[in-house]
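Next come the chains, spelled out residue by residue.
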Amino acid sequence: MEESRARESIAGSVIADFTDGWGMVDDALRNWWREIGELGTDPARSRQCLVAAITVPLATTMALWLEVDSIWWAAISGYMTIMSTGAASLKRGVLRVIGTVAGAVAGFIMARWLPYDHFALYLFLAAVTMLGVIAMQVSPHGLAWLFFTITSTMVLLMSLENPQQAVHVAFYRTYEVVIGVVAAAIVSNLLLHWHADPPPTAPGWRHLLGAQWPSVLHGMRAAISVVVVLNVWILMDLPQLSEMAITVAVVMSAPVIGNSSLGTRHAVAERSLHRFLGCLLGGIAALLCLAIQIESFPWWLAMIGGSVWIGMHIQMGSHGVGYVGTQSAFVFIVTLIQGPAPPTSIMPGIDRFVGIMGGLAILLTVSLMLWPNEAERKAQSAP
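What counts and how
Counting from 1, residues in each chain are numbered in the order their sequence is written. Local features are withheld for residues below a pLDDT of 70 in this predicted model, meaning they are given only at 70 or higher, and side-chain atom pairs are given and counted only at 80 or more; totals for whole chains, interfaces and linings count all residues. With hydrogens and water stripped out, all remaining heavy atoms of the structure feed into the side-chain values. Each helix is a run of DSSP H or I of at least 4 residues and each strand a run of E of at least 2, with the numbering of both proceeding from the N terminus. Burial classes follow relative accessibility: with a 1.4 Å probe on protein chains only, a residue under 20% of its type's maximum area counts as buried, one over 50% as exposed, and anything between as partly exposed. Note on contacts: a residue pair is in contact if any heavy atoms of the two residues lie within 4.5 Å. Using a 1.4 Å probe, accessible areas were evaluated by the Shrake-Rupley method; residue-level cover was limited to the displayed protein chains. Here a patch means residues that are over 30% exposed by relative accessible area and free of salt bridges, tied together within 9 Å if like-charged and within 5 Å if nonpolar (Val, Leu, Ile, Met, Phe, Trp, Tyr). Definition used for salt bridges: Asp or Glu carboxyl oxygen within 4 Å of a side-chain nitrogen of Lys or Arg. The distinction between a cavity and a pocket rests on a 1 Å grid over the protein atoms alone: a 1.4 Å probe fits inside a cavity but cannot get out, while a pocket stays open yet meets protein on both sides within 12 Å along at least five of seven lines, and a residue with an atom within 4 Å of a point counts as lining. Grid points are joined across faces, edges and corners, and a volume is the space filled by probe spheres set on the points. Only the stretch in contact is used when a helix axis is fitted, and all axes are lines through C-alpha atoms; the angle between N-to-C directions ranges over 0 to 180 degrees. Note on convention: near helix rotated counterclockwise from far helix by under a right angle means a left-handed crossing. Clockwise means right-handed. Just so you know the grouping, Ala, Val, Leu, Ile, Met, Phe, Trp, Tyr, Cys and Pro go in nonpolar, Asp, Glu, Lys and Arg go in charged, and all remaining residues, Gly too, go in polar. The set of buried Ala, Val, Leu, Ile, Met, Phe, Trp, Tyr and Cys residues whose side-chain atoms join them within 4.5 Å is what this entry labels a nonpolar core. Pairing of aromatic side chains here covers Phe, Tyr and the six-membered ring of Trp, requires ring centres within 6.5 Å, and sorts the geometry by plane angle: under 30 degrees stacked, over 60 edge-to-face, intermediate tilted. Note on geometry: a ring has a charge over it if NZ (lysine) or CZ (arginine) is within 6 Å of the ring centre and within 35 degrees of the ring normal.

A. Geometry of the overall build of the protein chain. Helix and strand content of the protein chain: 14 helices and zero strands. Along the protein chain, helices (α) and strands (β) appear in the sequence α-α-α-α-α-α-α-α-α-α-α-α-α-α when read from the amino end. Each of the 383 residues in the protein chain was classed as buried or not, and the buried ones make up 50%. In the protein chain, of all internal contacts separated by at least 6 residues, the share reaching a separation of at least 24 is 79%. Surface exposure of the protein chain reaches about 18,200 Å², of which carbon and sulfur atoms provide 66%.

B. View of a nonpolar patch on the surface. Taken together, the side chains of Val101, Val105, Phe108, Ile109, Trp113, Tyr116 and Val167 make up a nonpolar region of the molecular surface, amounting to roughly 680 Å² of accessible area. Per-element accounting of the nonpolar patch gives the leading share, four residues, to helix H4 (residues 86-110). Following the sequence through the fold, valine 167 ends up in helix H7 (residues 166-191). For valine 167, a relative accessible area of 48% gives the class partly exposed.

C. Region of interest: empty space enclosed by the protein. Within this structure, the stated rule accounts for one cavity of 30 Å³ or more. Space inside the largest cavity adds up to approximately 40 Å³. Lining the largest cavity are Cys289, Leu290, Gln293, Ile294, Trp300, Met303, Leu336, Pro342 and Pro343. Elements with a contribution of two residues or more to the lining of the largest cavity: helix H10 (261-292) and helix H11 (297-315).

D. Up close: the side chain of threonine 129. Along the polypeptide, threonine 129 turns up in helix H5 (residues 118-138). Here threonine 129 is in contact with Thr149, Ala222, Ala223 and Val226, once residues within four sequence places are set aside.

E. Region of the structure containing the packing of helix H6 (residues 142-158) against H7. The geometry of H6 relative to H7 is characterised by a closest axis approach of 8 Å and an angle of 145 degrees between their N-to-C directions. Crossing hand, H6 versus H7: right-handed. Contact residues: Met154, Val155 and Met158 in H6; Ala166, Val169, Ala170 and Arg173 in H7. Taken together, the residues that form the contact of H6 with H7 break down as six nonpolar, no polar and one charged.

F. Focus on the pattern of salt bridges. Overall, the coordinates contain four salt bridges when judged by the stated rule. Here aspartate 26 ties to arginine 30 by a salt bridge, and the two come within 2.9 Å at their closest N and O atoms. Here aspartate 26 and its partner arginine 30 are both found in helix H1 (residues 2-37), four residues apart, which amounts to about one turn of the helix. Note that glutamate 35 and arginine 45 form a salt bridge whose closest N and O atoms lie 2.5 Å from each other. With glutamate 35 in helix H1 and arginine 45 in helix H2 (residues 43-66), this residue pair connects regions lying ten residues apart in the sequence. Both residues of the pair, glutamate 35 and arginine 45, belong to the buried class. If you follow the salt bridges from partner to partner, you end up with Glu35, Glu38 and Arg45 in one network.

G. Region of interest: the nonpolar core. Counting 50 residues, the largest nonpolar core has Trp72, Trp300, Val308, Ile333 and Ile337 as the members making the most contacts within it. Among the elements of the structure, H2, helix H3 (71-81), H6, H7, H10, H11 and helix H12 (322-336) are those that each provide at least two residues to this core. Tallying contributions element by element places H2 first for this core, with nine residues. Residue contacts for tryptophan 300: discarding those within four places in its chain leaves Thr60, Leu64, Ile294, Leu336, Ile337, Gly339, Ala341, Pro342 and Pro343. If you look at the next biggest cluster of nonpolar residues, it comprises 15 residues, including Leu121, Tyr122, Leu125 and Val226.

H. Molecular detail of the environment of glycine 339. When you line up the elements, glycine 339 lands in the loop between H12 and helix H13 (347-370). Residue glycine 339 is classed as buried on the basis of its relative accessible area of 12%.

I. Broad picture of the side chain of histidine 313. On the secondary structure map, histidine 313 appears in helix H11. With near-sequence residues (within four places) excluded, histidine 313 lies in contact with Glu35, Glu38, Leu39, Gly40, Arg45 and Cys49.

J. Here's a closer look at the packing of aromatic side chains. Counting across every chain of the model gives eight aromatic pairs. Ring geometry for tryptophan 145 and tryptophan 205: centres 5.7 Å apart, planes at 70 degrees, overall edge-to-face. One end of the pair, tryptophan 145, is in helix H6; the other, tryptophan 205, is in the loop between H7 and helix H8 (213-236), with 60 residues separating them in the sequence. Across from the ring centre of tryptophan 73, 6.0 Å away, lies the NZ or CZ of arginine 96, which sits over that ring.

Structure representation (structure tokens):
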């Protein structure tokens with residue numbers, strides 16, 4: 001009888017999870033359409049969208065002129081640096097550069113021996129992921145910590161097959177970020193108001209074993225997720241290993257909500273879902289643009305600018321689907337910017353989409369295993 005009740009309880013939890021997931025999908029799509037319907041209705045919002053639409057093509061052009069490796073990374077860096085004011089954009093850019101430089105140095109140093117010791121590799125990546133995710137919750141400079149995690153992970157994983165590439169990867173990842181930040185700083189300070197925002201409020205590093213313990217648990221789960229991702233990908237010899245780990249780190253940076261694990265679980269699930277929907281919508285838009293077969297360089301840049309205008313509009317929206325806009329612009333940029341000319345293949349975008357989906361699948365599995373469900377939470381809180 002007890003086993004039957006346990007099975008029914010598990011089945012009920014699974015059904016509840018799927019119902020909740022479908023509800024999040026429905027809400028996200030409805031709110032996405034609401035954001036699309038508001039295009040051009042807010043002058044301040046449209047101004048920031050214009051900044052994005054100019055910054056990304058500028059960063060792309062600068063990266064092409066300077067002949068860097070990953071032009072799309074410079075474009076993404078420019079897009080992700082833009083804030084509502086010139087001062088805020090500059091500050092965000094500085095934090096991004098500091099985190100990137102520190103991560104590049106750490107990744108280069110560790111790439112000298114970690115590729116030959118997978119156990120040590122797992123420990124290092126778990127540690128930096130945990131550090132970056134915790135810092136996003138407690139530090140006023142959490143963005144720098146997050147990019148320390150992302151860059152060190154990129155440099156290390158891109159050097160697994162050939163550790164001698166580490167210095168090349170570290171240099172160009174930093175170079176590309178600086179290009180994007182400079183482009184964003186120039187355009188933001190020309191078109192946006194300049195005034196200092198109040199300093200961000202953050203609980204700080206104290207009380208990690210007390211009031212901030214949920215943030216520590218959040219970091220631990222992120223670390224476990226990264227290790228699982230790496231282990232599966234190495235064993236199965238699948239592509240886009242670095243993108244998988246970055247996906248986990250960025251998705252897990254969803255803020256902890258109060259002291260509730262359930263709140264955090266919902267936030268991570270929602271962030272993962274929004275990442276998926278954004279990638280899907282951005283990928284569909286990129287495919288449609290590729291089908292047009294634009295060969296003109298100015299029109300290619302215009303398509304990129306138009307896409308990031310819409311992405312920034314959704315990102316700044318008030319309907320709770322800002323991350324959908326961020327990810328749709330991200331994937332559109334990655335797909336459309338493949339080299340010094342309009343792309344002829346969708347494969348780079350498909351490869352990244354496969355990496356993202358693999359990371360999300362593993363992340364959601366780990367989340368369901370480690371986060372308590374409603375029944376467990378009630379049992380823990382019972383006297």
